[in-house]
Every structure is written in structure tokens, then in C-alpha cells.
Amino acid sequence: MQDNDALLVRRARQGDREAFARLVTRHQRYVFNLAYRLLWDYEEARDLTQEAFLRAWCCLPAFRGEAKFTTWLYRIVTNLCLNRLNELRRDLLELNHECLSAPAEFDPSSLCEEKERREFIHRQIEDLPVKYRLVITLRYLQGFSYREIAEILGIPIGTVKTHLFRAKEILRGN
Amino acid sequence: MLFWYLEKSLTSEEEREMRNHLRECPLCRKELSYLREVIEAIESYPLVREPTDLTERIMDQIRKAGQPVRPAFRLDWTALILGSGLAALAFLSFRIAISMSPEIMVNLAERIDILVWMLSLKLEELELLLGGNINLFLLLISLAFATFVAAKEVSFLFE
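Residues numbered from 1 in each chain as written. Chains lettered and ligands numbered in written order. Predicted model: local features only at pLDDT ≥ 70, side-chain atom pairs only at ≥ 80, totals over all residues. Heavy atoms only, no water.

A look at the overall build of chain A
Then step 1. Regarding its fold elements, chain A presents eight helices and zero strands.
Then step 2. Its helices and strands in sequence order give chain A the pattern α-α-α-α-α-α-α-α, from N to C terminus.
Then step 3. Within chain A, contacts between residues at least 6 apart in sequence are counted, and of these 64% link residues at least 24 apart.
Then step 4. When the accessible surface of chain A is totalled, it reaches about 8,100 Å², and 45% of it is carbon and sulfur. (Helix = DSSP H or I, 4+ residues; strand = E, 2+ residues; numbered from the N terminus. Contact = heavy atoms within 4.5 Å. Areas by Shrake-Rupley, 256 points an atom, 1.4 Å probe, with all protein chains shown as cover.)

Here you go:
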């Protein structure tokens, strides 16, 4: 998969639009979903996905192939999303416990049905602060390693782990 | 600790200890099973289906952008000439300036050194920001280099 990416990237760098179109079809779903999970708006996520791929196409000469194409692509997506969120004047990178939909003392493990617990956690994910949503999405949606997430977000690995741990604590109901 | 155990981030020693502990501790086993459920829930968070015409829209924009991908590392002569011109200009201004007030200029040279260093840290972001406008990018690099050379020259004169 990654080898194929590298080959397609090489061809796209030479101006091969077909090769780039294949990269788009291969990655657009996950890029779109990352954007959607950060912006919570279908139209915004669509526009942002378009912009991200356009940016990637224009910046391909700057991609030196030292990192994986996906790491590089997600860095673009993440930066665009954070800029967009900033523009939308949303509360950026602020830990806001009050936004959790459930009362703090609520323990989701008390819900009997596994399905209920799962739905509760899904609602919690939607309310997570951006930085935690970002990290858990990159980790569990795309399966990036801590190192790759650190590269994408431009933060130390230790911070990635802290964010991941805090996100888990919130979702776990602490 | 349990979370890192699930994440497979423990050392082999810690992992062995954890396994031994789990055998004896029903509370931790329960917590582990719940944590596993939390992670499964995160992983099972449904993917949204992207718009059916997304690829088409993206490729449309790319065609309209009309900005063919340039092979990397191609020398851009316009930027190089402009850059060299600016380098000479910067160098000259420094030579003139130091004849006026040497002490201030040494201080200034140090400040510029720091500025160049900060600029180099920002280059990668800049590259993305410029959206593939390599001309401008090369020009900025040349300018940074020119400033750097000029600053070095000034420091050398006053050592």
C-alpha cells in the first residue's frame, strides 16, 4: 500500500494527474472523515478535503519522501482544519470539561447494555476537545503510530501520549 | 498502566508484571475489559460517507489550478538572480551602515543571526503556506542567506 503510494507520488510529481487522482480516491474517505470529526460540518469537511488535496498537489515538489505520504498529507489536513476552526472562532485547544454532555459523576460502565455504552462513548467522542479528538482519530481511525502522530501535529511524542491518555480518561467517564 | 498495556507501550518487563498482576486481581481484569470496550467503541465510531462527486470536484480544481507539478530541485534562475541582487544590496547596506555606528551594528548582527535561525525553523511551514509558489520561496531563502552572510561579515570585522 505504502509502496504503491510512493510510486503514485513519484508519478504525480512529474505532473501525472491520473496518478494523483488515484491517490485522491485512495485517501479521500479518511481525509474527509478526519476533517468531518474536527469540524462537525459536512459541507465544511467537503471543502476542506478539496483544499487539502489541492494544497498537496501544489506542494508535491516540497514532499521529499522522507516521511510517508499519508503523514505528510494529514499534516496538511490538520493544519488546514485548525486554521479553519480558528477562523470559525471556536474554542481551540482549550480543555473544556463543561462541554461533556453527561454529568461528571456519571459512570458509563454502569450502563447495562454494551450497545448503550458504545453509543454513550460515541456521543462523548463528539464532545471531546479538538486536541483529543485529533489524536484519537489519528490513532484509532488511521492507525498511526505515536511517532507519526507527533510528526503530523508537530508536537512531542510525550504530548501525544498525554493527549491520548486524557482522551481515554474522558471517554472512560473519569 | 492498564491503558498502556492495551496500547502495547510497556516494556517487556512491565508487561510481564502486568500479566502476573492481572491473573491475581479481578478488579484490574474488570477495568481492563472495560478499557478494551472503550477502545473498541472508539474504533467502531462510524465513518461518514464522503460526497459521491468528491474525487471529481478535487480533480476539477486541480485542472483549474493549472499549476503543473515541477520536478523538485530544479534551479530557478529568476529567483537566483533576484536573490543574488538582494544579497549584494544587503551586503552593501551593511558595509555602509557599519562605518556609521559599529557598536550598534554588532548588536544588530546578533539579532539578525537569531532571526535567520527562527526563519529556518519556519521554512517548512512557509513552504506549505506558499502553496507551491517556489519562486517566492527560493527568493525568501536567498534573502535569508544574504542577511546571514552580511551578518557574519559584520561580526567578523569587529572581532
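Quick look at unusual backbone geometry
Then step 1. Positive phi, close to 55 degrees, is recorded for A:W40, a residue that is not glycine.
Then step 2. Mapped onto the secondary structure, A:W40 falls in the loop between α2 (17–39) and α3 (42–59).
Then step 3. Overall, the relative accessible area of 27% leaves A:W40 in the partly exposed class.
Then step 4. Not every positive phi belongs to a glycine, and B:K8 is a case in point at roughly 60 degrees.
Then step 5. Residue classification places B:K8 among the exposed residues on the basis of a relative accessible area of 71%. (Buried < 20%, exposed > 50% of the residue type's maximum accessible area, 1.4 Å probe, protein only.)

Comments concerning the environment of A:Y74
Residue and element names in this part refer to chain A.
Then step 1. Here Y74 is to be found in helix α4 (residues 69–87).
Then step 2. Its relative accessible area of 1% is what places Y74 among the buried residues.
Then step 3. Between the alpha carbons of Y74 and A52 there is a distance of 8.8 Å; along the sequence they are 22 residues apart.
Then step 4. Polar side-chain contacts of Y74 include one of 3.0 Å to the side chain of Q142. (Polar contact = N/O pair within 3.5 Å; in protein donor to acceptor, adjacent residues only side chain to side chain.)

A word on the side chain of A:E148
Residues and elements named next belong to chain A.
Then step 1. Considering the arrangement of structural elements, one finds E148 in helix α7 (residues 146–153).
Then step 2. Judged by its relative accessible area of 17%, E148 is buried.
Then step 3. One polar contact links E148 to K68, side chain to side chain, over a distance of 3.0 Å.
Then step 4. Not counting residues within four places of it along the chain, the set of residues in contact with E148 comprises K68 and T71.

Re the pattern of salt bridges
Then step 1. Applying the stated rule across the entire model yields 18 salt bridges over all chains.
Then step 2. A:E87 is paired through a salt bridge with A:R84; the nearest N and O atoms lie 2.6 Å apart. You can see A:E87 and its partner A:R84 sitting in helix α4, three residues apart, about one turn around the helix.
Then step 3. A:R84 sits in the partly exposed class, given a relative accessible area of 24%.
Then step 4. A salt bridge links B:R63 to B:D60, with the nearest nitrogen and oxygen atoms 3.3 Å apart. Of the two residues, B:R63 and B:D60 are both situated in helix α4 (residues 54–65); the distance of three residues between them amounts to about one turn of the helix.
Then step 5. With relative accessibility at 35%, the residue B:D60 sits in the partly exposed group. (Salt bridge = Lys/Arg side-chain N within 4 Å of Asp/Glu carboxyl O.)

Section: the interface of chain B and chain A
Then step 1. At the interface, 43 residues of chain B touch 54 residues of chain A.
Then step 2. Here chain B and chain A share an interface that buries about 4,900 Å² over both sides, 63% of which is from carbon and sulfur atoms.
Then step 3. Where chain B meets chain A, there are five salt bridges.
Then step 4. A salt bridge links A:R172 to B:E31; the shortest N-O distance between them is 2.7 Å.
Then step 5. Here chain B is connected to chain A by 16 residue pairs in polar contact (both at pLDDT 80 or more). (Buried area = accessible area lost by both parts, 1.4 Å probe.)

A short note on the confidence of the model for chain A
Then step 1. Of all residues in chain A, 84% attain a pLDDT of 70 or more, and the chain-wide mean is 83.
Then step 2. Low pLDDT, under 50, characterises residues 90–105 of chain A; the stretch is placed with 23 contacts to residues that sit more than four places away or in other chains. (pLDDT = per-residue confidence, 0-100.)

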